[in-house]
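A look at the structure
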Amino acid sequence: MTSLDEELADLVTESVNPAYALLDTMSVAELATVMNQADASVAPAVQAVLPSITAAIEAAAQRMQAGGRLVYVGAGTAGRIGVVDASECPPTFSTPPELVFAIMAGGANAIVRPTEGAEDDAEAGAQAVADAAIGPLDTVVGIASSGRTPYVIGAIEKARQLGALTVGLSCNTGTRLSASAELAIEIELGPEVISGSTRLKAGTAQKMVLNMFSTIVMVRLGKTYGNLMVDLKATNHKLRERAIRMVELIAQVPRPVATSALEDVDFDVKLASLMLIAAIDRPAAAARLAAAGGRLRTALEA
């Protein structure tokens, strides 16, 4: 047995919990209860490592404020979670797709068609990072429940060589990924309901952490006003309605006024709100927002 094989056998995420030994004999209600109880342990486990999460997000936000990017790297379930989180940033915060993106072992095809063997190729992970032109302002978050996925470790080691901030997110402790990254986030979750199925508790924990990552850095970049997503792209009826409600609330104007202002600026919530509150035209509002770095609160206080 190789050291990697021994390491895999010892991972908590691969262990068997005897409490679930009769899982296949349970009723649907019992199964739902068991899974719900297991999921209830995830939030406290994430809470326990908030200091590590906070340090990583603060460091990432500093780089992104200077023009850097946020990049997730993963394989299998972890990689797909990274893809989902990154893909939500453009519609939610009007960011360009290249600002937050994910690198998936096996490429885009692996998102819907599993190519599990791709996770063992460390050189491919390193090459993917090189191909993405990763640099010192970028943050690369390696996601691996086991903390020993070769593709992810190869990517993190290469990103670190290129000067990027590197973060290792795993659901085991003392992992190779943590040793390879500059900053480590290790969430202790215990065995899965189905042994080794890290799409369960581990996947939930990873999604929680990535939610924090992308959301908090966007707040720090001025993509919200209070808790309102003022940088959304109003591409459908629901989002246009949300934009109208936001302008009504921010500018304290009736719906017809908010709607008219938004229609004049292609449903840009920040422009419409600033124009109404400051009683200025679109060019002046755009200039003030630009001077404020896109932060509506700063522009309103100017």
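Above: the structure in question.
An account of the accompanying structure is given in this report. (Residues numbered from 1 in each chain as written. Predicted model: local features only at pLDDT ≥ 70, side-chain atom pairs only at ≥ 80, totals over all residues. Heavy atoms only, no water.)

1. Side note on the overall build of the protein chain
For clarity, the cut-off: Per the convention used, a helix needs a DSSP run of H or I reaching at least four residues, while a strand needs a run of E reaching at least two, with both numbered from the N terminus. Exposed residues in this analysis have more than 50% of their type's maximum accessible area, buried residues have under 20%, and partly exposed residues fall in between, with area computed by a 1.4 Å probe over protein chains only. Every residue pair with non-hydrogen atoms within 4.5 Å of one another is taken to be in contact. Areas reported as accessible are Shrake-Rupley estimates using a 1.4 Å probe. Residue values count occlusion only from the protein chains shown. Under the convention used here, Asp and Glu are negative, Lys and Arg are positive, and both His and the chain ends fall outside the count. By convention, the point assigned to a charge is CZ for Arg, NZ for Lys, CD for Glu and CG for Asp.
When its secondary structure is counted, the protein chain shows 15 helices and five strands. Burial analysis of the protein chain (302 residues in total) assigns 48% to the buried set. Relative to all contacts within the protein chain whose residues are 6 or more apart in sequence, the contacts with residues 24 or more apart total 65%. With an accessible surface of roughly 14,200 Å², the protein chain has 54% of that area assigned to carbon and sulfur atoms. Seen as two clouds, the 24 positive and the 33 negative side-chain charges of the protein chain have centres 9 Å apart.

2. Some details on the sheet that holds strand β4 (residues 165-170)
Stated formally: A pair of strands is considered paired only if DSSP assigns at least 2 bridges between the two. For helices, the fitted line uses only the C-alpha atoms of the stretch in contact; every axis is such a line through C-alpha atoms, and the angle between N-to-C directions lies from 0 to 180 degrees.
Strands sit in the order β2-β1-β3-β4-β5 across an open sheet of five strands; the sheet is parallel. Two strands in the sheet have a free side with no partner beyond their single neighbour: β2 (100-104) and β5 (183-186). Ignoring strand direction, the axes of neighbouring strands in this sheet form an average angle of 20°. When strand β3 (residues 139-143) meets β4, the two strands line up parallel, connected through five bridges. From the neighbouring strand, threonine 139 faces β4, where its bridge partner is leucine 165. Those strands touched by helix α4 (residues 50-65) are β1 (70-74), β2, β3, β4 and β5, and its axis lies near 140° from that of β5. Most of the contacts of helix α10 (residues 201-220) go to β1, to which it runs at about 165°, and overall it touches β1, β2, β3, β4 and β5.

3. Comments concerning the packing of α4 against α10
The test is simple: Should an angle fall under 35 degrees it is taken as roughly parallel, and over 145 as roughly antiparallel, whereas 65 to 115 is taken as roughly perpendicular and any remaining angle as oblique. In this scheme, a crossing is called left-handed if the near helix is turned counterclockwise away from the far one by less than a right angle; it is called right-handed if the turn is clockwise. Under the convention adopted here, Pro, Cys and the residues Ala, Val, Leu, Ile, Met, Phe, Trp and Tyr are nonpolar, Asp, Glu, Lys and Arg are charged, and Gly plus all remaining residues are polar.
Following both chains from N to C, one finds α4 and α10 inclined at 40°, their axes separated by 9 Å at the closest point. The angle between α4 and α10 places the two elements in the oblique class. The way α4 lies across α10 gives a crossing that is right-handed. On the side of α4, the interface is formed by Leu50, Ile53, Ala56, Ile57, Ala60, Ala61, Met64 and Gln65, while α10 contributes Val209, Met212, Phe213, Ile216, Val217, Met218 and Arg220. Grouping the constituent residues of the contact of α4 with α10 by class yields 13 nonpolar, one polar and one charged.

4. Examining the pairing of β4
Basically, it comes down to this: When the strands point away from the viewer and the path from the first strand over the helix to the second turns clockwise, the crossover is right-handed.
Of all six residues in β4, six are buried; the element is thus mostly enclosed. Residues Leu165, Val167 and Leu169 point to one face of β4 and Thr166, Gly168 and Ser170 to the other, with burial holding for every one of them. Each parallel crossover has a hand, and for β3 linked through helix α8 (residues 150-161) to β4 it is right-handed. Bridge count between β4 and β5: four bridges; the pairing is parallel. Its bridge partner lying in β5, leucine 169 is registered against isoleucine 185.

5. Some words on α4
For clarity, the threshold we go by: What a helix should span is 1.5 Å times the count of its residues minus one.
The end-to-end C-alpha distance of α4 is 22 Å, a good match for the 22 Å that 16 residues give at a rise of 1.5 Å each. Among the residues of α4, those classed as buried are Ile53, Ala56, Ile57, Ala59, Ala60, Ala61 and Met64.

6. A few points about the packing of aromatic side chains
Inclusion rule: For Phe, Tyr and Trp, where Trp contributes only its six-membered ring, two rings pair if their centres lie within 6.5 Å, and the inter-plane angle classes them as stacked under 30 degrees, edge-to-face over 60, or tilted in between. A ring has a charge above it when a Lys NZ or an Arg CZ is no more than 6 Å from the ring centre and no more than 35 degrees off the ring normal.
Tallied over the full model, the rule gives zero aromatic pairs. Arginine 297 extends its terminal NZ or CZ atom over the ring of tyrosine 225, reaching a point 4.5 Å from the ring centre.

7. Regarding the pattern of salt bridges
Which entries qualify depends on this criterion: Any carboxyl oxygen of Asp or Glu that lies within 4 Å of a side-chain nitrogen of Lys or Arg is treated as forming a salt bridge with it.
In total, this model carries six salt bridges according to the counting rule given. Between aspartate 85 and lysine 207 there is a salt bridge, with its nearest N and O atoms 3.7 Å apart. Pair noted here: aspartate 85 is in helix α5 (residues 76-87) and lysine 207 is in helix α10, with a separation of 122 residues, a long-range link. Take lysine 207: its relative accessible area is 26%, and that puts it in the partly exposed class. The shortest N-O distance in the salt bridge between glutamate 241 and arginine 255 comes to 2.8 Å. A residue pair is termed long-range when its members are at least 10 positions apart, and glutamate 241 in helix α11 (residues 237-251) and arginine 255 in helix α12 (residues 255-264) qualify at 14 residues. The exposure class of arginine 255 is partly exposed, given its relative accessible area of 37%. It is possible to trace a salt-bridge network through shared partners that takes in Lys223, Asp231 and Lys270.

8. Regarding the nonpolar core
Looking at soluble globular proteins, one finds that nonpolar side chains tend to be buried together. Going by this rule: Think of a nonpolar core as a cluster: buried Ala, Val, Leu, Ile, Met, Phe, Trp, Tyr and Cys residues, connected wherever their side-chain atoms sit within 4.5 Å.
Membership of the largest hydrophobic core comes to 37 residues, with the highest contact counts inside it found for Tyr72, Val100, Ile185, Ile187 and Phe213. Going through the elements one at a time, α3 (42-48), α4, β1, α5, α6 (89-93), β3, β4 and α10 are the ones with two or more residues in this core. Excluding its chain neighbours within four sequence positions, the residues that come into contact with valine 100 are Met64, Leu70, Tyr72, Ala86, Cys89 and Met218. The next biggest cluster of nonpolar side chains, apart from the first, holds 28 residues, and it includes Tyr225, Leu262, Val265 and Leu274.

9. Some details on the pairing of β2
Counted residue by residue, β2 has four buried out of five residues, so it is predominantly covered. Pairing analysis gives five bridges linking β1 to β2, with the strands arranged parallel. When the bridges of β2 are listed, glycine 74 appears paired with methionine 104.

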